[in-house]
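# Fold and contact review
The residues making up each chain are set out below.
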Amino acid sequence: MAAREVDAEQAPQDGGRVTITEIARQAGVSVPTVSRVVNGRSDVSPHTRARVEDLLRRHGYRRRPTTSATRAALLDLVFNSLDSPWAVEIIRGVEEAAHTAGVGTVVSAIHGRSGDAREWMRNLRARASDGVILVTSALEPLLYEELRILGVPLVIVDPAGSPALDAPTIGAANWSGGMAATEHLLALGHRRIGLIAGPPRLLCSRARLDGYRTALESAGLTLDDTLVVPGDFHPESGFTGCNTLLDLPDPPTAVFAASDQMALGAIEALRRRGLRVPEDMSVVGFDDVPEVRWSAPPLTTVRQPLADMGKLAVRTVLRLARGEQPDSPRVELGTELVVRSSTAPAS
């Protein structure tokens, strides 16, 4: 049976899983040569161009359309997960700034899985997105390289680890926020202060822990490792972490949870034990998502400007799409302690 010719507008059965590096290998050329073909450059011989374009067609790898527009038409907003009010606040800022700029957005979650990230990349190639905002996520090095070769601008919000060197990052002042939360409890007379920490792989978690440690040391206190328990930013880990602290022979009189969701979980753990907030234990969170203003009691927390981070990410990626450079490759927006009713002087 004769082989069926692959339609240039139809992706093959393998879904375009091949990378540009693999296309370069199959074509017997360098990755930069494939990049020049993908981006419509003229400095490639006709024979080589035909061979590379044939492979691009067969693998469903479509060239990004060129445009004379001065702004991007579509942005990809990518999270590791979308199961928290924190993510909703980032989306709110991105959508507001994108709407103002007349730009569409596509929101995706890759769940930290390689297969999901590759599926997202295939979809991005198909819709020819003009920019990517990556939030608290990390991509495989090959996918970062693919974005670079395709010429897709990338901005990272709240980087999970060491970001790509050529990608601007936007975060919050997590160290000073962690320090402010702990200093507030110290000023209320608390000396045994528990910390329900975030995932250690995240830079923001480590910075909040360092701020907590610095505040204790500045007050002449030694960090007690038994007062630091692990969490994952979700309410369940706040509930479990608070119970672990309460089971200590000498439990803390206050808890700093490294996210509002964990703080709410901690408050529930205290409630189930018949303990009151703040009379029996003070609780501080981090984020200031809208729901904590209505918790019982309203939560003292560190406000990070989540919506503003999203807005700045849009403005930054649009500048990159226009061929401009951001004012600074690394931006940290300020945090602010918001005192409500969940903290009180140590009894």
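Residues numbered from 1 in each chain as written. Predicted model: local features only at pLDDT ≥ 70, side-chain atom pairs only at ≥ 80, totals over all residues. Heavy atoms only, no water.

This next bit is on the overall build of the protein chain. For the protein chain, the helix and strand inventory stands at 11 helices and 12 strands. For the protein chain, the proportion of its 347 residues judged to be buried stands at 50%. Here the contacts in the protein chain between residues at least 6 apart in sequence split such that 73% fall between residues at least 24 apart. Accessible surface, the protein chain: about 16000 Å² in total, of which carbon and sulfur atoms supply 53%. (Helix = DSSP H or I, 4+ residues; strand = E, 2+ residues; numbered from the N terminus. Buried < 20%, exposed > 50% of the residue type's maximum accessible area, 1.4 Å probe, protein only. Contact = heavy atoms within 4.5 Å. Areas by Shrake-Rupley, 256 points an atom, 1.4 Å probe, with all protein chains shown as cover.)

Our focus in this paragraph is the confidence of the model for the protein chain. Residues with a pLDDT of 70 or more make up 89% of the protein chain, whose mean pLDDT is 87. Scored below 50 in pLDDT, residues 1-16 makes 16 contacts in the model with residues more than four places away or belonging to other chains. Contacts for the low-pLDDT stretch residues 66-72, under 50 throughout, to residues beyond four places or in other chains number 9 contacts. (pLDDT = per-residue confidence, 0-100.)

Strand order in the open sheet made by the 6 strands is E2-E1-E3-E4-E5-E11, with parallel pairing throughout. The sheet is open, and its two edges are formed by strand E2 (104-109) and strand E11 (330-333), each paired on a single side. Each neighbouring strand pair of the sheet contributes to a mean axis angle of 20°, computed without reference to strand direction. Pairing analysis gives 4 bridges linking strand E5 (residues 169-172) to E11, with the strands arranged parallel. From the neighbouring strand, Ile-170 faces E11, where its bridge partner is Val-331. (Pairing = 2+ DSSP bridges. Axes fitted to C-alpha atoms, helices over the stretch in contact; angles between N-to-C directions.)

Right, let's get into the sheet that holds strand E9 (residues 282-287). Strand pairs in the sheet, formed through backbone hydrogen bonds, run parallel or antiparallel to each other. Here 6 strands make up an open sheet; going across it, the order is E7-E6-E8-E9-E10-E12 and the pairing mixed. Each edge of the open sheet is held by one strand with a lone partner, namely strand E7 (228-229) and strand E12 (336-338). Looking at chain direction, strand E6 (residues 193-196) and strand E8 (residues 254-257) are connected through 4 bridges and run parallel. Opposite Ile-196, over in E8, you have Ala-257 as the bridge partner. Where helix H7 (residues 174-187) meets the sheet, it contacts E6, E8, E9, strand E10 (300-303) and E12, and its direction lies at approximately 165° from that of E9.

A word on helix H10 (residues 260-272). Helix length check: H10, at 13 residues, gives a terminal C-alpha distance of 19 Å against a target of 18 Å (1.5 Å per residue), a fit within 8%. Those residues of H10 lying buried are Asp-260, Gln-261, Met-262, Ala-263, Gly-265, Ala-266, Ile-267, Ala-269 and Leu-270. Those residues of H10 that are buried are in contact with helix H4 (85-101), E6, helix H9 (235-246), E8, E9 and E10. Downstream of H10 by a residue or two, Gly-274 has a phi angle that is positive, lying close to 75°. (Expected span 1.5 Å × (residues − 1).)

Turning to the pattern of salt bridges, a few remarks are in order. Going through the model one piece at a time under the given rule, you end up with 24 salt bridges. For the salt bridge of Glu-140 with Arg-118, the shortest nitrogen-to-oxygen distance reads 2.7 Å. Of this pair, Glu-140 sits in the loop between strand E3 (132-135) and helix H6 (141-150) while Arg-118 sits in helix H5 (residues 114-127), placing them 22 residues apart in sequence. By relative accessible area, Glu-140 is classed as partly exposed at 25%. Assessed through its relative accessible area of 25%, Arg-118 is described here as partly exposed. With a closest N to O distance of 2.6 Å, Arg-303 and Asp-288 form a salt bridge. Linking Arg-303 in strand E10 with Asp-288 in the loop between E9 and E10, this pair joins segments that are 15 residues apart in sequence. (Salt bridge = Lys/Arg side-chain N within 4 Å of Asp/Glu carboxyl O.)

Structurally, Val-228 can be placed in strand E7. As for Val-228 and Gly-241, which are separated by 13 residues in sequence, their C-alpha atoms are 8.8 Å apart. Discounting residues that sit within four places of it in the chain, Val-228 has contacts with Leu-195, Ala-197, Leu-209, Tyr-212 and Leu-223.

Looking now at the pairing of E5. Burial of E5 is two-sided: the residues Thr-169 and Gly-171 facing one way and the residues Ile-170 and Ala-172 facing the other way are all buried. Bridging between strand E4 (residues 154-157) and E5 involves 2 bridges; their strand directions are parallel. Within E5, the position partnered with Ile-156 by the bridge is Thr-169.

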